[in-house]
Amino acid sequence: MYSKKVIEEFSNPKNVGSIEDADGVGEIGSTVDGDIINISIKVKDNVIEDVKFKTFGCVVAISTSSMVTNLAKGKTIDEALALDNEDVINALEGLPEGKDRCSGFALDALKLAIEDYRQKNK
């Protein structure tokens, strides 16, 4: 059973879309689950000032993508990199058993976007 917060984020996801002139983009896909998550970020003075996602996937993939973008927006790069699966699960008020590993995909996409940003700004 999904928490009210998971249903809320799935039904009304925040930060949907992509940033056309993104400073960093990360995409990850799982052949096992079929989820594909793309996250783009805009960074100013080492702070993620905007973040968007596009996700093709299940309830958990969409709700965690929305929550990861919510959690990352306004954080420094290092603060965003410090986010972990527990932060996402707690913000969503829990996930059904067996679905907690799915929540890590959005974090992985965010970390790839940050890595892309860092590569472009060496």
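Up top is the structure.
All residue numbers refer to position in the chain's written sequence, counted from 1. Whole-chain, interface and lining totals are the exception, using all residues; otherwise, since this is a predicted model, local features are given only for residues with pLDDT of at least 70 and side-chain atom pairs are given and counted only at 80 or more. The basis for every side-chain value is the complete set of non-hydrogen atoms in the structure, without hydrogens or water.

Colleague: So what's going on with the overall build of the protein? Which residues, and what values?
Modeller: Helix numbers and strand numbers start at the N terminus; a helix is a DSSP run of H or I with at least 4 residues, a strand a run of E with at least 2. Of the regular secondary structure elements, the protein holds five helices and three strands. Taken from N to C terminus, the helices and strands of the protein fall in the order α-β-β-β-α-α-α-α. Radius of gyration here uses only the C-alpha atoms, and the compact-globule reference equals 2.2 Å multiplied by the residue count raised to the power 0.38. Over its C-alpha atoms the protein spans a radius of gyration of 13 Å, differing by no more than 12% from the 14 Å that the globule rule assigns to 122 residues. Each of the three principal axes of the protein carries a C-alpha extent, and together these read 45 × 25 × 20 Å. Three exposure classes are used, based on accessible area relative to the maximum for each residue type with a 1.4 Å probe and protein chains only: buried under 20%, partly exposed in between, and exposed over 50%. The buried share among the 122 residues of the protein stands at 46%.

Colleague: I'd like to hear about the pattern of salt bridges, residue by residue, with values.
Modeller: Definition used for salt bridges: Asp or Glu carboxyl oxygen within 4 Å of a side-chain nitrogen of Lys or Arg. Scanning the model with the defined rule gives nine salt bridges in all. A salt bridge links K5 to E9; the nearest nitrogen and oxygen atoms lie 3.4 Å apart. With K5 and E9 both in helix 1 (residues 4-11), this residue pair falls four residues apart, about one helical turn. A single network of salt bridges, built from pairs that share partners, joins K5, E8, E9 and K14.

Colleague: Lay out the nonpolar core in plain terms, naming residues and giving numbers.
Modeller: Remark: nonpolar core denotes a set of buried residues (Ala, Val, Leu, Ile, Met, Phe, Trp, Tyr, Cys) joined through side-chain atoms within 4.5 Å. Counting residues in each nonpolar core, the largest one holds 30 residues, and the members touching the most others are I39, I41, I48, V68, V88, L110 and I114. For this core, the leading source of residues is helix 5 (residues 104-120), giving eight residues. Residue contacts are counted whenever heavy atoms from the two residues lie within 4.5 Å of one another. With residues up to four places along the chain from it excluded, the contact list for I41 reads I19, A22, D23, G24, I48, D50, V51, L110, A113, I114 and Y117.

Colleague: Lay out the sheet that holds strand 3 (residues 47-56) in plain terms, naming residues and giving numbers.
Modeller: DSSP-based pairing: two strands are paired if at least 2 bridges between them are found. The strand order across the open sheet formed by three strands is 1-2-3, and the pairing between neighbours is antiparallel. Each edge of the open sheet carries a strand with a single partner, namely strand 1 (24-29) and strand 3. Ignoring which end each strand starts from, the neighbouring axes of this sheet average 15 degrees apart. Axis lines are fitted to C-alpha atoms, over the contacting stretch for helices. Their N-to-C directions set the angle, which ranges from 0 to 180 degrees. Contacting strand 2 (36-44) and strand 3, helix 2 (residues 59-72) runs over the sheet at an angle of about 175 degrees to strand 3.

Colleague: I'd like a rundown of a negative patch on the surface, residues and numbers included.
Modeller: Patch construction takes residues with relative accessible area above 30% that form no salt bridge. Like charges are linked within 9 Å, and nonpolar side chains (Val, Leu, Ile, Met, Phe, Trp, Tyr) are linked within 5 Å. A 1.4 Å probe and the Shrake-Rupley method give the accessible areas. Residues count as covered only by the protein chains that appear here. By the counting scheme adopted, Arg and Lys are positive, Glu and Asp are negative, and His together with the chain ends is not counted. For charged residues, the charge sits on one atom: NZ in Lys, CZ in Arg, CG in Asp, CD in Glu. Judged by side-chain charge, D84, E86, D87, E97 and D100 come together as a negatively charged surface patch. Relative to the assigned elements, E86 resides in helix 4 (residues 85-91). Looking at E86, the relative accessible area reads 46%, which means it is partly exposed.

Colleague: Please set out the pairing of strand 3 residue by residue, giving values where relevant.
Modeller: Bridge count for strand 2 against strand 3 is nine bridges, and the pairing is antiparallel. Bridge assignment links I41 to a residue of strand 3, and that residue is V51. Following strand 2, the chain reverses through two residues before pairing antiparallel with strand 3; D45 in that reversal takes a positive phi of roughly 50 degrees.

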